[in-house]
Amino acid sequence: MAPEVQFPCDGDGVCMRCKVKPPSEETLTCGTCVTPWHVSCLLPESLASSTGEWQCPDCSGDVVPSAAPVTGHAGVESSGSVLVAAIRAIQADVTLTEAKKAKRRQKLMSGGGDDGLDEEDKKKLEIFCSICIQLPERPITTPCGHNFCLRCFEKWVGQGKLTCMTCRSKIPKNVAQNPRINLALVSAIRLANVTKCSVEATAAKVHHIIRNQDRPEKAFTTDRAKKTGKANAASGRIYVTIPGDHFGPIPAENDPTRNQGVLVGESWEDRQECRQWGAHFPHIAGIAGQSAVGAQSVALSGGYEDDEDHGEWFLYTGSGGRDLGGNKRTNKIQSSDQSFAKMNEALRLSCKMGYPVRVVRSHKEKRSAYAPKEGVRYDGVYRIEKCWSNVGIQGSYKVCRYLFVRCDNEPAPWTSDEHGDRPRPLPNIPELKKATDLFVRKESPSWDFDEAEGRWKWMKSPPVSRKAVAALDPEERKIIRKAKNGNNRLLKEFGCQICKKVLSLPVTTPCAHNFCKACLEAKFAGISQVRERSKGGRTLRAKKNIMTCPCCTTDLSDFLQNPQVNREMMEVIENLKKKEEEAESSKDTAESSGGNNAESEEEEGTQTVSEVEPPTKRIKLVDTVAAAASDCVGK
DNA sequence: TCGCACTCAGAT
DNA sequence: ATCTGAGTGCGA
């Protein structure tokens with residue numbers, strides 16, 4: 001089998017393809033990057049040398065034999081940039097339709113050969129860690145735009161190697177010491193794994209059918225409510241097939257539109273949207289539960305000043321004890337004692353039984369380092385280990401207090417751990433000294449860690465649901481459309497934080513934020529790296545200008561000297577777009593050939609397209625995707 | 001920034 | 001049927 005992708009020898013001289021350390025006479029050293037390559041693992045055409053000095057496949061650009069020569073504007077172009085330039089050339093070619101462009105790009109990615117690769121190979125070509133040659137696990141991106149597993153990367157730099165495995169660029173110290181997970185890439189990888197099966201599983205089974213299908217895809221506003229906007233919105237369609245009293249994570253089988261379940265780290269624009277995906281059903285209340293059953297989920301939104309958030313554990317305050325007279329639906333002022341009744345009792349029951357409680361964090365929680373910057377995010381399940389009463393910060397009245405400790409099989413969104421939670425010792429809570437009504441679980445928890453399997457699971461059967469499932473319309477066509485929306489949703493993950501559109505030429509900062517290269521460069525255009533200073537006619541030492549990341553406080557001035565495109569991520573984005581186009585065109589064929597369904601013609605004007613001229617329509621689709629992305633991110 | 005009116009869903 | 005609720009945008 002001929003290698004589709006060629007690899008050099010690693011830092012120890014071991015060939016990364018055959019894992020053997022060849023003697024020096026069996027290696028060739030590249031004249032450009034000075035990297036040794038194992039001769040017998042090179043393709044014959046890569047061995048040829050047109051000039052005197054041998055160049056490796058990375059440096060010679062042999063991977064893109066059909067690419068039109070394009071001169072890059074930047075002085076130093078890495079091998080990745082050759083591809084970028086070639087793609088740029090294709091994109092700029094006005095004679096090509098979008099479909100043709102996609103085909104060319106695909107050909108380019110698959111090494112210009114015939115399209116005889118199987119899915120597995122394609123996936124690998126799209127995105128892989130150059131150390132382990134797998135899809136990156138907990139991916140991190142170097143400033144030179146290359147992706148690695150966190151573990152591989154740490155192992156690599158742990159050996160004292162401070163150059164990129166792929167391009168031999170220097171890895172800055174701060175990146176080596178404190179790598180950040182590239183969350184957008186995490187979704188990319190998840191998506192790459194999911195879309196394949198979801199296409200086959202589009203005709204997913206739907207268990208129950210209620211009038212949920214009559215609901216709009218987005219939360220709507222009544223005529224009267226439009227005056228006050230979303231505040232008065234009715235809820236939109238529920239996309240998951242779990243009942244309102246479902247405990248624990250939402251698995252893939254209850255997510256017929258995407259077939260992936262609600263993943264830790266997923267986020268939504270507001271509580272309405274969060275509700276539509278089942279993470280937390282009440283659209284105002286912070287606790288979802290029933291006093292006789294238990295609590296299924298809570299929201300951390302900063303509404304209670306007694307709350308204390310430590311990420312993996314937090315202290316939560318019960319509800320009630322506040323005057324909601326008149327039309328007020330919320331009120332910060334405590335005016336009576338809270339008691340373990342209603343929702344507070346539901347939480348206590350979840351504590352007693354050791355049920356998993358889903359937790360969403362809202363951007364409204366300003367004091368917590370773990371709160372998302374915008375929207376509402378699902379952070380996984382926690383258990384309530386104990387609860388008690390105490391006089392709250394406001395001084396005069398008692399509040400119910402709960403200790404939540406994380407117990408999810410998926411790692412928290414903020415952690416760079418590879419695995420989910422392990423049982424951990426309970427934190428020390430000073431306020432327990434003054435607590436009254438202390439309640440600690442005595443029986444064994446329903447949801448617990450199975451040492452043998454190394455994961456959290458139901459040890460006792462979960463409570464039986466007493467509620468109906470808000471199921472989706474089984475009509476195939478609608479499911480296909482929403483499956484497409486599922487893709488749209490994930491494309492939103494690849495929004496540039498500056499232009500709010502889908503990333504083009506994405507660059508990943510050392511703090512793991514993604515921007516279009518052009519946007520980031522424009523942001524800092526005209527700002528020089530150093531600032532001249534003078535005082536009283538005396539010239540002081542030039543001070544380095546701090547160039548802060550548009551998303552956080554990280555200084556990007558070093559990174560900005562030569563930001564590199566994350567080529568692999570770009571490929572994923574391109575492929576996503578392509579898949580959307582394919583899904584769209586297959587939908588068209590299904591429509592034109594079928595037509596047997598008596599449809600309630602509620603298709604929006606924007607979606608109705610004539611059968612002819614697919615290219616225009618495709619462009620339109622991509623535009624709507626970009627618009628959707630900007631709608632989501634912008635505020 | 002604040003207070004306010006407004007809406008809907010869910011518990012009881 | 002009544003009540004509660006960690007939402008929401010507007011106008012002062």
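The preceding data block contains the structure.
Just so we're clear, the structure is a prediction, and the values are computed from it rather than from any experiment.

**Some words on the overall build of chain A**
In terms of helices and strands, chain A carries 15 helices and 19 strands. Across the 635 residues in chain A, those meeting the buried criterion constitute 47%. Within chain A, contacts between residues at least 6 apart in sequence are counted, and of these 60% link residues at least 24 apart.

**A word on the environment of Gln 177**
In this fold, Gln 177 is placed in helix α7 (residues 173-177). Gln 177 sits in the exposed class, given a relative accessible area of 61%.

**Focus: helix α10 (residues 342-353)**
For α10, which comprises twelve residues, the first-to-last C-alpha distance of 17 Å matches the rise-based estimate of 16 Å (1.5 Å per residue) to within 8%. Of the positions making up α10, those classed as buried are Asn 344, Glu 345, Ala 346, Leu 347, Leu 349, Ser 350, Cys 351 and Met 353. Of the residues one or two after α10, Gly 354 is the one with positive phi, at around 70°.

**Considerations on the side chain of Gln 296**
Checked against the element boundaries, Gln 296 lands in strand β7 (residues 294-300). Relative accessible area serves as the criterion here: at 0%, Gln 296 is assigned to the buried category. A polar side-chain atom of Gln 296 sits 2.9 Å from a polar atom in the side chain of Gln 290. Residues in contact with Gln 296, not counting those within four places in the same chain, are Gly 244, Asp 245, His 246, Phe 247, Ala 288, Gly 289, Gln 290, Pro 356, Val 357 and Arg 358.

**Let's talk about the nonpolar core**
Residues Leu 503, Phe 515 and Leu 520 are the most contacted members of the largest nonpolar core, which totals 26 residues. Among the elements of the structure, α8 (183-200), β17 (514-516), α12 (517-523), α13 (557-560) and α14 (567-593) are those that each provide at least two residues to this core. Here this core gets five residues from one element, more than from any other, and that element is α14. If near-sequence neighbours (up to four positions away) are discounted, Leu 503 is found in contact with Phe 494, Gly 495, Cys 496, Asn 514, Phe 515, Cys 516, Met 569 and Ile 573. Counting residues in each nonpolar core, the second largest holds 22 residues, with Ile 238, Tyr 239, Trp 277 and Val 360 among its members.

**Observations concerning the pairing of strand β10 (residues 357-362)**
Where burial is concerned, most of β10 is hidden: six out of the six residues are buried. Going residue by residue along β10, you find Val 357, Val 359 and Arg 361 tucked away on one face and Arg 358, Val 360 and Ser 362 tucked away on the opposite face as well. As judged from the four bridges shared by β7 and β10, these two strands associate in the parallel manner. Each residue of the ladder has a partner; that of Leu 300, found in β10, is Arg 361. The pairing of β10 with strand β11 (residues 376-391) spans five bridges and is antiparallel. Among the inter-strand pairings, Val 357 is bridged to a residue of β11, identified as Tyr 382.

**Structural notes on the pattern of salt bridges**
With the rule as written, the count across this model stands at 19 salt bridges. A salt bridge links Glu 345 to Arg 348; the nearest nitrogen and oxygen atoms lie 3.0 Å apart. Linking Glu 345 with Arg 348, this pair stays in helix α10, spanning three residues, or about one helical turn. A salt bridge links Glu 431 to Arg 401; the nearest nitrogen and oxygen atoms lie 2.6 Å apart. A residue pair is termed long-range when its members are at least 10 positions apart, and Glu 431 in the loop between β12 (398-406) and β13 (436-440) and Arg 401 in strand β12 qualify at 30 residues. No difference in accessibility class separates Glu 431 from Arg 401, as the two residues are buried.

**Focus on the side chain of Asp 309**
Mapped onto the elements of the fold, Asp 309 is located in strand β8 (residues 308-309). A relative accessible area of 16% means that Asp 309 is categorised as buried. Within polar-contact distance, the side chain of Asp 309 engages the backbone nitrogen of Gly 311 at 2.9 Å. Contact partners of Asp 309, with chain neighbours within four places excluded, come to Leu 300, Phe 314, Arg 361, Ser 368 and Tyr 370.

**A short note on the state of the cysteines**
Covalent bonding between the sulfur atoms of two cysteines defines a disulfide. Following the criterion strictly, the structure yields zero disulfides and no others. Free cysteine Cys 149: the closest other cysteine sulfur is in Cys 132, separated by 3.5 Å. Residue Cys 149 is classed as buried on the basis of its relative accessible area, which comes to 5%. Its sulfur unpaired, Cys 387 is 4.3 Å from the next cysteine sulfur, which belongs to Cys 351.

**Structural notes on the packing of aromatic side chains**
A complete count under the given rule lists twelve aromatic pairs for this structure. The interplanar angle of 65° and the centroid separation of 4.9 Å between the aromatic rings of Tyr 370 and Trp 414 together place this pair among those described as edge-to-face. A residue pair is termed long-range when its members are at least 10 positions apart, and Tyr 370 in the loop between β10 and β11 and Trp 414 in the loop between β12 and β13 qualify at 44 residues. Since its relative accessible area comes to 24%, Tyr 370 is described here as partly exposed. A relative accessible area of 26% places Trp 414 in the partly exposed class.

**A closer look at helix α6 (residues 150-158)**
The complete set of buried residues in α6 reads Leu 150, Cys 152, Phe 153, Trp 156 and Val 157. The arc that holds every buried residue of α6, seen down its axis, measures 165°, which confines them to one face. Away from its buried face by more than 90 degrees, α6 exposes Arg 151, Lys 155 and Gly 158. Looking at the buried positions of α6, the neighbouring elements they touch are β3 (139-141), β4 (147-149) and α7. The first or second residue beyond α6 is Gly 160, which carries a positive phi of 85°.

**Brief notes about unusual backbone geometry**
Across residues other than glycine, the phi torsion is negative in most instances, and most of the peptide bonds are trans. One non-glycine residue, Asn 259, lies in the positive phi region at around 60°. Relative to the helices and strands, Asn 259 is located in the loop between α8 and β5 (267-268). For Asn 259, a relative accessible area of 28% gives the class partly exposed. For Leu 505, which is not glycine, the phi dihedral falls at a positive 50°. For Leu 505, a relative accessible area of 22% puts it in the partly exposed group.

**A look at the environment of Arg 424**
Position of Arg 424 among the secondary structure elements: in the loop between β12 and β13. Taking relative accessible area as the criterion, Arg 424 reaches 30% and is therefore assigned partly exposed. Separated by 19 residues in the primary sequence, Arg 424 and Val 405 place their C-alpha atoms 8.5 Å from one another. Leave out the neighbours within four places in its chain, and Arg 424 touches Glu 312, Val 405 and Arg 406. One polar contact links the side chain of Arg 424 to the main-chain carbonyl oxygen of Arg 406, over a distance of 3.2 Å.

**Digging into the environment of Leu 150**
The topology assignment puts Leu 150 in helix α6. For Leu 150, a relative accessible area of 3% puts it in the buried group. Leu 150 sits 29 residues away from Pro 179 along the chain, and the two C-alpha atoms are 7.6 Å apart.

Cut-offs and rules
- Residues numbered from 1 in each chain as written.
- Chains lettered and ligands numbered in written order.
- Predicted model: local features only at pLDDT ≥ 70, side-chain atom pairs only at ≥ 80, totals over all residues.
- Heavy atoms only, no water.
- Helix = DSSP H or I, 4+ residues; strand = E, 2+ residues; numbered from the N terminus.
- Buried < 20%, exposed > 50% of the residue type's maximum accessible area, 1.4 Å probe, protein only.
- Contact = heavy atoms within 4.5 Å.
- Expected span 1.5 Å × (residues − 1).
- Polar contact = N/O pair within 3.5 Å; in protein donor to acceptor, adjacent residues only side chain to side chain.
- Core = buried A, V, L, I, M, F, W, Y, C linked by side-chain atoms within 4.5 Å.
- Pairing = 2+ DSSP bridges.
- Salt bridge = Lys/Arg side-chain N within 4 Å of Asp/Glu carboxyl O.
- Disulfide = S-S within 2.5 Å.
- Phe/Tyr/Trp six-rings, centres within 6.5 Å; stacked < 30°, edge-to-face > 60°.
- Arc of directions from axis to C-beta.

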